[in-house]
Amino acid sequence: MSTDTPGIDPLLALRAPQDPACDVFLTGTVFLDIIFTGLDSAPVRGTESWARGMGSSPGGVANMATALARLGLHTSLAAAFGDDHYGEYCWDALEQGEGIDLSMSHTVPGWHSPVTVSMAYEGERTMVSHGHEAPAPPAAEVPAAPTVPAPAGAAATGGTTTATAAPGPAFPQCPPRARAAIASLAPGRSEPWVAAAARQGARVFADVGWDETGRWDLDALPDLAHCEAFLPNAEEAMRYTRTDCPRAAAHALAERVPLAVVTLGAEGAYAVDGRTGVSAQVPAIAVEALDPTGAGDVFVAGFVTGTLADWPLADRLAFAGLTAALSVQEFGGSLSAPGWAEIAAWWQRVRTCDSQDPAALERYAFLDELLPTTARAWPLRRAVPTIGFRQ
């Protein structure tokens, strides 16, 4: 259940009656994530390992959907859900707990939910997943593009990206009208809904996974032509552009897409606006990482938020990096996605630390115009959803 600071809508000043009710549309596979933390080392074959912490939450594409919703964006998700208890739990957690619109989603009778077990240790994680491709719904059951209502409370309210490519059918062909859409590109694959979303005026943001073919050919990503922004990591960007420098890769990508953003891990992120020639680099915030699961999804959500709010490029990068940094300090993907309460508490705390560099703090001064003057004490704790408990 989201516990965000009330009264924060990052798009409030830009909203108009003729705008789409949906801020961001995305589609993909929802996993049930079971996360074990507090492991001293990787599991050893033939032995039993005990974890000091555990949590369950919707994962996969639900990580990004949750991150967007917690930042106050009206979010619509199209996904298949099993009719087992796992699927019911994920649906309820997303719709009732996070206010995500699921009118484009559907339940598949007799199909069990995909499951991922994630084990976090030494700042990294190892995952084991299982699932089968969901059958496409009959044509009569494919949801038509709705007028998406603002979810209750929505206006009040990198790192490692989790895989969302399989299993599950690509749908719908006609997405709802939205300010933005988020796509995950794959070599040789084109999703008709991406072009449809772009034609309806959505600004398409895309990430990409590792190219298992080894070709690293941008022409093999046909949906890139419909994208407003492309957000690969440094290794992916350099391989796709045949460069040996992430910054050079970003400039090369900016010749193919209006906005190129390359995440640099511990060095932060670098972005180039191909239309204006403006570039920006923002260093990462040094934190002690508990679990990096979903941090890349949170970074994208933060960047989309800043872009839709029309912030300067450097502020968008800083905000995306901040949200990702906050997420890795808690375990789980959607569990750890920060909302405005976490951001406000961090900003209040960090300014009271004598060791902080004033110049570094200045990078985040734009938060003063967004956040309330008072915030709850840091660190904040979210309720940890666990199957079988009811609040």
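All of these numbers come straight from a predicted model, not from anything done at the bench. Residue numbers here run from 1 along each chain, matching the order of that chain's written sequence. Per-residue local features are limited, in this predicted model, to residues with pLDDT of at least 70; the limit for side-chain atom pairs, both in listing and counting, is 80 or more; totals at the level of whole chains, interfaces and linings are taken over all residues. Side-chain figures throughout are based on the complete set of non-hydrogen atoms in the structure, without hydrogens or water.

Regarding the overall build of the protein
Here is step 1 of the chain: A helix here means a DSSP run of H or I that spans at least four residues, while a strand means a run of E at least two residues long, and both kinds are numbered starting from the N terminus. Helices and strands together make up the secondary structure of the protein, namely nine helices and 14 strands.
Here is step 2 of the chain: Type-normalised accessible area, obtained with a 1.4 Å probe on protein chains alone, sets the label of each residue: buried when under 20%, exposed when over 50%, and partly exposed for intermediate values. Here the protein holds 391 residues, and the buried ones make up 54% of them.
Here is step 3 of the chain: Of the roughly 17100 Å² that the protein leaves accessible, carbon and sulfur atoms contribute 53%. In this description, accessible areas are obtained by the Shrake-Rupley approach with a 1.4 Å probe, and a residue is regarded as covered only by the protein chains that are shown.

Structural notes on the packing of aromatic side chains
Note on aromatic pairs: each is described by the distance of the centres and the angle between the planes.
Here is step 1 of the chain: Pairing of aromatic side chains here covers Phe, Tyr and the six-membered ring of Trp, requires ring centres within 6.5 Å, and sorts the geometry by plane angle: under 30 degrees stacked, over 60 edge-to-face, intermediate tilted. Under the counting rule described, the total for this entry stands at nine aromatic pairs.
Here is step 2 of the chain: On the numbers, 5.3 Å between centres and 80° between planes, the contact of Phe-25 with Trp-193 is edge-to-face. Comparing Phe-25 with Trp-193 shows no difference in burial state: the two are buried.
Here is step 3 of the chain: Relative to Trp-91, the ring of Phe-81 lies with its centre 4.8 Å away and its plane at 65°, an arrangement referred to as edge-to-face. Highlighted residues: Phe-81 in strand β5 (residues 80–82) and Trp-91 in helix α2 (residues 85–98), separated in sequence by 10 residues.
Here is step 4 of the chain: Using a relative accessible area of 3% as the deciding quantity, one classes Phe-81 as buried.
Here is step 5 of the chain: The exposure class of Trp-91 is partly exposed, given its relative accessible area of 22%.
Here is step 6 of the chain: Members of the aromatic cluster, each reached through a chain of ring pairs, are Trp-311, Phe-319, Trp-340 and Phe-366.

Thoughts on the nonpolar core
Here is step 1 of the chain: Note on terminology: a nonpolar core comprises buried Ala, Val, Leu, Ile, Met, Phe, Trp, Tyr and Cys residues joined through side-chain atoms within 4.5 Å. If you look at the biggest cluster of nonpolar residues, it comprises 65 residues, and the most contacted ones within it are Leu-77, Val-304 and Leu-367.
Here is step 2 of the chain: In this description, contact between two residues means that some pair of their heavy atoms is separated by no more than 4.5 Å. The contacts of Leu-77, once residues within four sequence positions are left out, are Leu-26, Thr-27, Val-30, Val-61, Ala-65, Leu-94, Ile-100, Asp-101, Leu-102, Met-104 and Ser-105.
Here is step 3 of the chain: By size, the runner-up hydrophobic cluster in this structure holds 35 residues, among which are Ala-78, Ala-178, Leu-221 and Ala-260.

Focus on the sheet that holds strand β4 (residues 75–78)
Here is step 1 of the chain: Across the sheet, eight strands lie side by side as β4-β1-β9-β10-β11-β12-β13-β14; this open sheet has mixed pairing. Of all the strands in the sheet, the pair left with one neighbour each is β4 and β14 (279–282). Averaged over all neighbouring strand pairs, the angle between strand axes comes to 20°, with direction disregarded.
Here is step 2 of the chain: Pairing between strands is defined by DSSP: at least two bridges between them are needed. By the bridge criterion, six bridges tie strand β9 (residues 178–185) to strand β10 (residues 203–208) in an arrangement that is parallel. Bridge pairing in β10 links Ser-184 to Asp-207.
Here is step 3 of the chain: Axis definition: a line fit to C-alpha positions, over the contact stretch in the case of helices; interaxial angles, taken between N-to-C directions, run 0 to 180 degrees. Its contacts with the sheet place helix α7 (residues 313–327) against β12 (259–263), β13 (269–273) and β14, and it is angled at close to 30° to β14.

Topic: the sheet that holds strand β2 (residues 30–37)
Here is step 1 of the chain: An order of β3-β2-β7-β8 is seen for the four strands of this open sheet, with the pairing classed as mixed. The open sheet is flanked by β3 (53–60) and β8 (124–130), the only strands paired with a single partner. Taken pair by pair, the neighbouring strands of this sheet meet at an average axis angle of 20°, ignoring direction.
Here is step 2 of the chain: Note that strand β7 (residues 115–121) and β8 share seven bridges and pair antiparallel. Its bridge partner being in β8, Val-117 is matched across the sheet by Val-128.

A word on unusual backbone geometry
Here is step 1 of the chain: Unlike most non-glycine residues, Arg-242 shows phi in positive territory, near 60°.
Here is step 2 of the chain: The topology assignment puts Arg-242 in the loop between α4 (234–241) and α5 (246–253).
Here is step 3 of the chain: Classification of Arg-242 as exposed rests on a relative accessible area of 57%.
Here is step 4 of the chain: Positioned with a positive phi, Asp-310 is a non-glycine residue whose angle comes to about 65°.
Here is step 5 of the chain: If you trace the backbone, Asp-310 turns up in the loop between α6 (295–308) and α7.

Let's talk about the confidence of the model for the protein
When pLDDT drops low, the exact placement of atoms in the prediction is not to be read closely.
Here is step 1 of the chain: As a per-residue measure, pLDDT tells how confident the predictor is, with possible values from 0 to 100. Confidence along the protein averages 85 in pLDDT terms, with 82% of residues attaining 70 or more.
Here is step 2 of the chain: In the predicted structure, residues 1–5 sits below a pLDDT of 50 and forms 25 contacts with residues beyond four places in sequence or in another chain.
Here is step 3 of the chain: Per-residue pLDDT stays below 50 along residues 142–170; that stretch engages in 82 contacts with residues further than four places along the chain or on separate chains.

Remarks on α6
Here is step 1 of the chain: Any helix carries an expected span of 1.5 Å times its number of residues minus one. If you check α6, its first and last C-alpha atoms are 20 Å apart, about what 14 residues at 1.5 Å a residue would give, namely 20 Å.
Here is step 2 of the chain: Within α6, 14 of the 14 residues are buried, which leaves the element mostly enclosed by the surrounding structure.

Some details on the packing of helix α1 (residues 61–70) against α6
Here is step 1 of the chain: At a minimum axis separation of 8 Å, α1 and α6 run at an interaxial angle of 35°. For the pair α1 and α6, the sense of crossing is right-handed. Between α1 and α6, the contacting residues are Asn-63, Met-64, Ala-67 and Leu-68 on the first element and Asp-297, Val-298, Val-300, Ala-301 and Val-304 on the second.
Here is step 2 of the chain: The residue inventory of the contact of α1 with α6, partitioned by class, reads seven nonpolar, one polar and one charged. Left-handed describes a crossing whose near helix is turned anticlockwise from the far helix by less than a right angle; the clockwise case is right-handed. Charged residues are taken to be Asp, Glu, Lys and Arg, nonpolar residues to be Ala, Val, Leu, Ile, Met, Phe, Trp, Tyr, Cys and Pro, and polar residues to be all remaining types, Gly included.

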